[in-house]
Structures are given as C-alpha cells and as structure tokens.
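For reference, the chains in residue letters:
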Amino acid sequence: MILQDSNIPPRKTNKKRRIWLWVLMLFIFLGAALGGAYFASNSLTEKPVEKKQSEELITAKDKATIMIMGVDEREDDVGRSDTLMIASIDPKTNQASLLSVPRDTRVKIKGHGFDKVNAAYAYGKERLSQETVENLLGVNVDHYIIINTKSFKKIIDAVGGIDIDVPKRMHYEDPWDDDGGLIIDFHPGMQHMDGAKAVTYVRYRDEEGDLGRIRRQQDFVRAFMEKLVSPTIIPKLPAVIKEVMDSIETDLSVRQLLEFAGTLKESKHNGLKTDMVPGKPLYIEGISYWIPDLNKLRLTVADTLGVSLSGKYKTKMEADIREYENSIPAGASEVPASDTSIGRAKASDSSRNRRREETVDKEKRSSEDKKVERTERSRSEDREERSERSSREEIDRPARSQTTPTTDNSSPRSDDSTAPPTPSAGISKSR
C-alpha cells in the first residue's frame, strides 16, 4: 500500500522557523546591546500611555524608572515582596542607579493604613506595590519587573551561573522552611553559584539583618551585570532570552527589555550606582520597622533623576513629612542592639563616594599647602641669606672717607708709640 504525500508541512520546517526566530532574536539583542542608548531614548524612556502620571509626583522625562521586585510566592499564599529595588536608567549619559527599599520600611498603603512595604504586594499585587513606592519616593515609576524565586533560579542557570566574592563564612539551616528546607553554606572567597545556590546567597540574613542582605544583593546585581555583558554569554543568548521572557512578569515589551539590557551594557563603564532608603530602625507596638528619612530620600531621588523641585512639590513634600511623623505613636522606641532583624545602616555608595572625594580633596589641599609652605620657607631662607650676604659685603667694603690723625695731649705717654691709626683711604679696617 502506497501512502499519499501529506499536505502537512514536515517538522523540520517548523524547526527551521524556530531556529530563524532565535537567530532574529539574537540579532535584535545584539543590536540593542550595541545601540542600547539610541533605542532607549526612543522607546524605553517613553512614558506608558495606559498609566496616568500623577502631577503631584516627580516625572523623569529623559530617564526610565523601573520597579524590580523579588517575590517569594508559596502554595496557598499570594506572597510578599522579599526584594524591592528601583532602577533609574539614563541612556543619554549611559548611567544606571539602583535604589534598594528595605522590606520592613514603614509606608502608607492606600486602603490599609501604615504597614511594611512588602505587605503592599499581598494586599494588591504589583499595582498597589507600585503606587505605594511612588508615594514613598515622590516619583512616578514607569514600569515594573516581578521575579519569583523559581524564575530567579532559571535565569541564573540560563546565564551559566554567577561568580561572586563571598565576604565571610555563611552558614544557616532551617529544616522547617516552607520550600522544603533551607541550607545556606558558603566559605569566604570567590565562589561560582548556580541558580539554587544564588537564591540562598541573596536570602541569607545574619547579625547585619535585612540591611546586610540588601548590600549583598546589590553586590550580586553587579556580578550579574558583569556576566550579562561578557562575551561568554553571547552563545547562550537564545536560552537566556527564553528563560527571561518565560520567567518574569512585566509591563515592558520585548524590545524595551532588550533596550534595558543594552543600556546596562553601555553603563557598565560608568559603574552601577547603588543606594538605600536612608532612615533608622524603630519599634512600634512591639514590631520593628525601618523609618525612612523622607526629606533626605526625596532630595536624593530628585538629584539622581536630575529634576528641580517646584514650589508646589516642596509644599506637598513637607505635608507628607508632617503626616508621616504624626503617624508614629508616642510609645515608639529605639530598636535594641540585640534585635538584628533589620540591621544597622551603613554608609551608602554615594555617601562613601562623597567622603572618599572629600578625603582626596583634603589630602590634595594639604599636599598643596605643604608645597606652598615649603616654597615660602625656601624663599624666606633665600631672602635671609641674601640679606646676610649683603650685610657682610657692607662690612667688608673699604671705607672711602678720609680722617685726620689727632694726638691726645691730655695724658703723657710712657713710650714713643702713637695711637692706633684711624681708618683712612687705602687702609683696610681690621676686625
């Protein structure tokens, strides 16, 4: 029996189409990576039409603001935002900055009063989280990216793992962890981490609390950026793109995501600027919170975005600060040193950089002052030497004035010797 040819295209045709699709994606990614700044200025910085920009908030016209959330979702639990960062992308200057928001930050959540910022996701997912962050920072956030724990593992594995310098011994075990038990075990030094190890690294909390974890997460982001723009990643781009698109939830288009990666590549040479919401820990009704310094926070955000604050905005900011301060109960108290759940604030990158610049300037000024002092001392010594030499020459110079010898007749001399001659022309003065 002879089978007739089927009209269904053979499987290899579909395979070819898939291959060409990935090749096309690869070229798009490379093109975005090479010209990220150009494309970003035409797409990434465009404000989403479907999202209304609040006039009471700052709007970064030539920059893109993106909320990045790491969400720990479990079965029968909507989850909370375990990691929260705000990325600011400037394609014109090829710079990127990252502001971390501690998950215990006390904020006002619409419809729920004051609570920790990570609760906003449980109350209203990404929309309420974005609105809450906007009101905290005083700035319109353009886009969001949500990554859950499982997606994070896949993305790290897709890029072939991350190499990171572990600062110290890290060991922690929790057999009752909801995710099947948790074991964190790292030794200090350079370590290669796959997706599973990377998750435990960024989740680790020690005596430095959540703030220490934030600093390690920022270091991890830098290491991830280094890997993302390295030549070794190019052969893996199709798999990386697929994992990223399948693993995250975002309102960014594929093109915008690629432009985002391209701009990050260009900004690598300028370094990734990292900072954290300034503030202090505080106990309120037995619960520890991170209390933000709203004035310093909003001025820092405005400076990062290069926006001048209008009088209307400053009035609104002052009202927000008063409302926030009045909302803190009188019984609030300092967090004791024994409570390490939040941790203690350390200098941010920007603060350290400012202090480093001030130290360098101070040392430079001190060096210049010493140089000037040495120069003046040398000049003074030269003047003194010249003056002394001039004095010696004046003393040694023969006197040209003539004097007439006189004889003292008031007292007879016992010998025939005469009085010492008075210096006269042609006779040198003895010393």
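Our subject is the structure listed above.
Reading guide: rules and limits
Numbering of residues starts from 1 in every chain and runs along the sequence as written. Given that the model is predicted, a residue must reach a pLDDT of at least 70 before its local features are reported, and side-chain atom pairs must reach 80 or more before they are shown or counted; all residues, however, enter totals for whole chains, interfaces and linings. To obtain the side-chain values, all non-hydrogen atoms of the structure were included, while hydrogens and water were left out. Segments assigned H or I by DSSP are reported as helices when at least four residues long, segments assigned E as strands when at least two residues long, and all are numbered from the N terminus. Under the scheme applied here, a residue whose accessible area is under 20% of the maximum for its type counts as buried, over 50% as exposed, and between as partly exposed, the area being computed with a 1.4 Å probe on protein chains only. In this analysis, two residues are considered to be in contact whenever any of their non-hydrogen atoms come within 4.5 Å of each other. Accessible surface area values rest on a Shrake-Rupley calculation with a 1.4 Å probe, where residue burial reflects the displayed protein chains alone. A helix is expected to reach a length of 1.5 Å times the quantity of its residues less one. What the arc measures is the spread of directions leading from the helix axis to the C-beta atoms. Note on pairing: DSSP must find at least two bridges between two strands before they are called paired. Here an axis means a line fitted to C-alpha atoms, over the contact stretch when the element is a helix, while the angle between two N-to-C directions is reported on a 0 to 180 degree scale. By definition in this entry, angles of less than 35 degrees are roughly parallel, angles greater than 145 are roughly antiparallel, angles of 65 to 115 are roughly perpendicular, and the rest are oblique. Amino acids outside the nonpolar list (Ala, Val, Leu, Ile, Met, Phe, Trp, Tyr, Cys, Pro) and the charged list (Asp, Glu, Lys, Arg) are all regarded as polar, and Gly is one of them. Whether a crossing is left-handed or right-handed is set by the direction in which the near helix is turned from the far one by less than a right angle, anticlockwise for left-handed and clockwise for right-handed. For salt bridges, the criterion is a side-chain nitrogen of Lys or Arg within 4 Å of an Asp or Glu carboxyl oxygen. What qualifies as a polar contact is a pair of N or O atoms within 3.5 Å, subject to a donor-acceptor requirement within protein and to the restriction that residues adjacent in sequence count only when both atoms come from side chains. Among buried residues, those of type Ala, Val, Leu, Ile, Met, Phe, Trp, Tyr and Cys that are joined through side-chain atoms within 4.5 Å constitute a nonpolar core.

K.L.:
With reference to specific residues and values, describe the overall build of the protein chain.
P.N.:
A count of helices and strands for the protein chain gives eleven helices and 15 strands. The 431 residues of the protein chain split such that 39% are buried. Excluding contacts between residues fewer than 6 apart, the proportion of contacts in the protein chain whose partners are at least 24 apart in sequence is 68%. Accessible surface, the protein chain: about 26500 Å² in total, of which carbon and sulfur atoms supply 51%.

K.L.:
So, the environment of Val199: which residues are in play, and what are the values?
P.N.:
Mapped onto the elements of the fold, Val199 is located in helix 5 (residues 195-203). Through-space distance from the C-alpha of Val199 to that of Phe152 is 7.3 Å; in sequence the pair is 47 residues apart.

K.L.:
An account of helix 10 (residues 311-327) is needed here, citing residue identities and associated values.
P.N.:
Its 17 residues place the ends of helix 10 25 Å apart at the C-alpha level, agreeing with the 24 Å of an ideal helix rising 1.5 Å per residue. Those residues of helix 10 not exposed but buried are Tyr313, Met317, Asp320, Ile321, Tyr324 and Ser327. What you see down the axis of helix 10 is that its buried residues fit within an arc of 130 degrees, all on one side. Among the exposed residues of helix 10, those oriented more than 90 degrees off its buried face are Lys312, Glu325 and Asn326.

K.L.:
Tell me about the sheet that holds strand 13 (residues 279-284), residues and numbers included.
P.N.:
Across the sheet, three strands lie side by side as 14-13-15; this open sheet has antiparallel pairing. Only two strands of the sheet have a single neighbouring strand rather than two, namely strand 14 (287-292) and strand 15 (333-334). In terms of strand pairing, strand 13 meets strand 14 through six bridges, oriented antiparallel. Its bridge partner being in strand 14, Gly279 is matched across the sheet by Pro292.

K.L.:
Residue-level account of the packing of helix 5 against helix 6 (residues 209-228), with values.
P.N.:
Put simply, helix 5 and helix 6 touch, their axes get as near as 8 Å, and they point 140 degrees apart. Between helix 5 and helix 6, the angle is such that the two are oblique. Residues Ala198, Tyr201, Val202 and Arg203 of helix 5 form the contact with helix 6, whose participating residues are Arg213, Arg216, Gln217 and Phe220. A class-by-class count of the residues in the contact of helix 5 with helix 6 yields four nonpolar, one polar and three charged.

K.L.:
Describe in detail the packing of helix 4 (residues 149-158) against helix 5, supporting the description with residues and values.
P.N.:
Axis separation between helix 4 and helix 5 bottoms out at 8 Å; the angle between their running directions is 125 degrees. If you check the angle between helix 4 and helix 5, you find them oblique. By crossing handedness, the relation of helix 4 to helix 5 is classed as right-handed. Here Thr149, Phe152, Lys153, Ile156 and Asp157 of helix 4 lie close against helix 5, whose contacting residues are Gly195, Ala196, Ala198, Val199 and Val202.

K.L.:
I'd like a rundown of the pattern of salt bridges, residues and numbers included.
P.N.:
One pass over the structure, following the stated rule, counts eight salt bridges. The shortest N-O distance in the salt bridge between Lys108 and Glu323 comes to 2.6 Å. Pair noted here: Lys108 is in strand 4 (residues 106-109) and Glu323 is in helix 10, with a separation of 215 residues, a long-range link. Lys108 sits in the partly exposed class, given a relative accessible area of 44%. Residues joined in a network through salt bridges with shared partners are Arg298, Lys316 and Asp320.

K.L.:
Please provide a residue-by-residue account of the side chain of Ser327, values included.
P.N.:
Mapped onto the elements of the fold, Ser327 is located in helix 10. At a separation of 2.6 Å, a polar atom in the side chain of Ser327 contacts the main-chain carbonyl oxygen of Tyr324. The contact partners of Ser327, leaving out residues within four places of it in the chain, are Arg106 and Phe114.

K.L.:
Explain the nonpolar core residue by residue, including any values.
P.N.:
Formed by 42 residues in total, the largest nonpolar core has its most connected members in Met67, Leu137 and Leu297. The dominant element in this core, judged by the number of residues it contributes, is helix 3 (residues 119-137), at seven residues. Apart from the residues within four sequence positions on either side, Met67 is in contact with Leu84, Met85, Ile86, Glu126, Ser129, Gln130, Val133, Val141, His143, Tyr144 and Ile145. If you look at the next biggest cluster of nonpolar residues, it comprises 20 residues, including Phe186, Ala198, Ala223 and Val240.

K.L.:
Can you lay out unusual backbone geometry for me, pointing to particular residues and giving the numbers?
P.N.:
A positive phi angle is found at Lys125, which is not glycine, with a value near 55 degrees. Checked against the element boundaries, Lys125 lands in helix 3. Despite not being glycine, Glu285 shows a phi value in the positive range, around 55 degrees. Inspection of the secondary structure assignment puts Glu285 in the loop between strand 13 and strand 14. Relative accessible area serves as the criterion here: at 74%, Glu285 is assigned to the exposed category.

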